[in-house]
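If you want the building blocks of each chain, they are given just below.
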Amino acid sequence: MGFLVDSQKEGGLGIWGNSVRSLIRRKQVDSVHAKAHNSHHQLAKELSIPHLIAIGVGSTIGAGVYILVGTVAREHSGPALAFSFLIAGIAAALSAFCYAELASRCPSAGSAYHYSYICVGEGVAWLIGWALILEYTIGGSAVARGISPNLALLFGGQDSLPAFLARQHIPGLDIVVDPCAAILVFIVTGLLCVGIKESTLVQAIVTTINVCAMIFVIIAGSYLGFKSGWPGYGLPTGFFAFGVDGMLAGSATVFFAYIGFDSVASTAEEVKNPQRDLPLGIGFALSICCSLYMLVSVVIVGLVPYYEMNRDTPISSAFSDHGMHWAAFVITVGAVMALCSTLLGSLLPQPRILMAMARDGLLPPFFSDVNRSTQIPIKSTVVTGIGAAALAFCMDVDQLAGMVSVGTLLAFTMVAISVLILRYVPPDEVPFPSSLQDTIDSVSLQYSGSSQDIKGDKSEVHSGISSTLPLLGKASAAVVAVKKEAQVNCVLKEVNRRKIAGWTIALTCIGALLLTYSATNLSLPWVFRFTLCGGGGALLLSGLVVLTCIEQDDARHSFGHSGGFTCPLVPLLPIMCVLINLYLLINLGTATWTRVSIWLVIGVFVYVFYGRRHSSLLHAVYVPAAHADEIYRSSGDSLA
């Protein structure tokens, strides 16, 4: 009858068949109809465009910019540092375009985890969500431990904090505890529990102070630059001191200064008008960050020759070299505010990831509870705060900082792939709870009867029964038969198009992986390396050509919520996004991937022994998407 029931309910595929089936089952976009039968409470819709910009800018611009400009200028870009930030910003914009379309079409908590679950499947969604949990926990802890030394500078030096806040070395355990970092995490956690509007207001204030500090650097630095004749640009090495390759290497390094804007997408469920506000919030936040990064780098590189820049304090040292020692205080205030804002942005998304995974049954329902008065997932927020505070208190997480990038880049990659799937092979089946089986069966009989009528009409035309009809009747029946055959051929053509598009997307991703791996792994034998590189490049280019030539699926227009942002230049833009992110992932290093792999293996065991068995889709009934509205209408009040 065209209705597919989850294989675990049928029990006909065996253990391995059921396991594979659970990995690829996909959930439905949270539409108005779908929300009607959800028992969980929704988050408060309090956010508008200014709030989203504050979250995006605050999560993206951390204290790294106050250090990053010196390291990248000395080792990679030279005076061309601003171009490195520009190229990195353009690369980040590719992911931002993909995020903007999916966030407006699927405005629910969970960000990349949510999009992967809808477009790819439960297995990939679990790994993305599990990796994001690691990213936000370690990211928040690392930021918290970076605040205390900068805070101490405001009070006169590294040892100027009170004893109960200062770092202490414990000889027996050989660890350095940081009470200030843990206290700051608890303060931010308490603020997040108050309400999304209140916490976002505080982040907006802190972010404004940080932006003002950067504007001070730009204005005061420009004054000093014109006064001194911009000594950093009159060098014999020229503008591209390390060549174009050095500038591109610098852009790969500073790319990680843009990875905070995905926090905006995690608040999608709390946005008043997600179809309009989410794309604008992401776009404005990324534009502001890129502009500030470029202007600061233009000024600082012009004040001091790149090879004389201080690696640890490039901005304050540049002002000190020109006699403005007092400017170091303003810059330190900006760094502290940037870290506080980033800490808020790091702890904000994780409770929503935990809540989204618990709603889907992949984590215990404890994490999905939403407080009725504040409309905040308080339990998830408290657990997040305790975990981040414990790490920040007793563990030096600097060596684990590379693991933060893995979660973000994996999410960026899957979001780009999800856009391709949405455009070419959007889900054509919708899961319904098994409690609606009677309604589904009745609708199924209606559609089954219609198809039998069509078959009957065709059989009459092609059998001897039609010979008793008048000539005009024969002609009319023949016309109907031709139309029905055209419809059948159209359906078969659409099925073939979906198969071609699906395999092409898969092979394109494989080609991108082979190309980036072979291009960066210099230890491979040159014959094998160039073979892999050529094969990967051929798959990538052929996939791009095929996807450009075939038509996109008409169902994309009705997928999710309509009226939002549409990603341009598909399939080129998502494929470029996949290629860039895979390149950065492969270059993170073996040690980072070893640590991340341990965490992912733990996640696999959690999914196998809990998530797979408690998934909300365990006994779901899958229905053709074209019949979903009829089932909703027929079910009536049973969904409430």
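The rules behind each value
Residues numbered from 1 in each chain as written. Predicted model: local features only at pLDDT ≥ 70, side-chain atom pairs only at ≥ 80, totals over all residues. Heavy atoms only, no water. Helix = DSSP H or I, 4+ residues; strand = E, 2+ residues; numbered from the N terminus. Buried < 20%, exposed > 50% of the residue type's maximum accessible area, 1.4 Å probe, protein only. Contact = heavy atoms within 4.5 Å. Areas by Shrake-Rupley, 256 points an atom, 1.4 Å probe, with all protein chains shown as cover. Polar contact = N/O pair within 3.5 Å; in protein donor to acceptor, adjacent residues only side chain to side chain. pLDDT = per-residue confidence, 0-100. Salt bridge = Lys/Arg side-chain N within 4 Å of Asp/Glu carboxyl O.

A.B. asks: Please explain the overall build of the chain as it appears in this structure.
C.D. replies: Within the chain, the secondary structure is distributed over 24 helices and five strands. A burial count over the chain gives 52% of its 640 residues as buried. Sequence-distant contacts, at least 24 apart, represent 84% of the contacts inside the chain between residues at least 6 apart. Accessible surface computed for the chain: about 27,700 Å², of which carbon and sulfur atoms make up 67%.

A.B. asks: I'm lost on the environment of Asp178 in this one. Help?
C.D. replies: Topologically, Asp178 is positioned in the loop between strand E3 (175-177) and helix H9 (179-194). Counting along the chain gives 215 residues from Asp178 to Phe393, while the straight-line C-alpha distance between them is 4.7 Å. If we skip the residues at most four places from it in the chain, Asp178 touches Arg145, Ser148, Leu165, Arg167, Ala392 and Phe393. One polar contact links the side chain of Asp178 to the main-chain amide nitrogen of Ala181, over a distance of 3.2 Å.

A.B. asks: Help me out: how do you make sense of the side chain of Ser59 in this one?
C.D. replies: You can see Ser59 is positioned in helix H4 (residues 49-60). Taking relative accessible area as the criterion, Ser59 reaches 9% and is therefore assigned buried. Side-chain polar atoms of Ser59 contact the backbone oxygen of Ile55, separated by 2.7 Å. Those residues in contact with Ser59, other than ones at most four positions away along the chain, are Gln203, Gly260, Ser263, Ser341, Thr342 and Gly345.

A.B. asks: Please clarify how the confidence of the model for the chain should be interpreted in this entry.
C.D. replies: Regions with low pLDDT should not have their predicted coordinates read in detail. The share of residues in the chain with pLDDT of 70 or more is 86%, and the mean pLDDT across the chain is 84. Counting contacts from residues 1-12, a segment whose pLDDT is below 50, to residues more than four positions away or on other chains yields 36 contacts. In the predicted structure, residues 453-473 sits below a pLDDT of 50 and forms 13 contacts with residues beyond four places in sequence or in another chain.

A.B. asks: Please explain the pattern of salt bridges as it appears in this structure.
C.D. replies: All told, the structure shown has 13 salt bridges when counted by the stated rule. Note that Arg352 is salt-bridged to Glu270, the shortest N-O span being 2.8 Å. Taken together, the residues Arg352 in helix H16 (residues 349-359) and Glu270 in the loop between helix H12 (262-266) and helix H13 (274-303) connect sequence positions 82 residues apart. Residue Glu270 is classed as buried on the basis of its relative accessible area of 0%. Among the ionic pairs, Asp553 bridges to Arg497, the shortest N-O distance being 2.8 Å. One end of the pair, Asp553, is in the loop between helix H21 (526-549) and helix H22 (572-586); the other, Arg497, is in helix H20 (residues 471-520), with 56 residues separating them in the sequence. Residue class for Asp553 comes out buried when judged on its relative accessible area of 6%. Residue classification places Arg497 among the buried residues on the basis of a relative accessible area of 11%. Within the structure, one salt-bridge network assembled from shared partners comprises Asp428, Arg497, Arg498 and Asp553.

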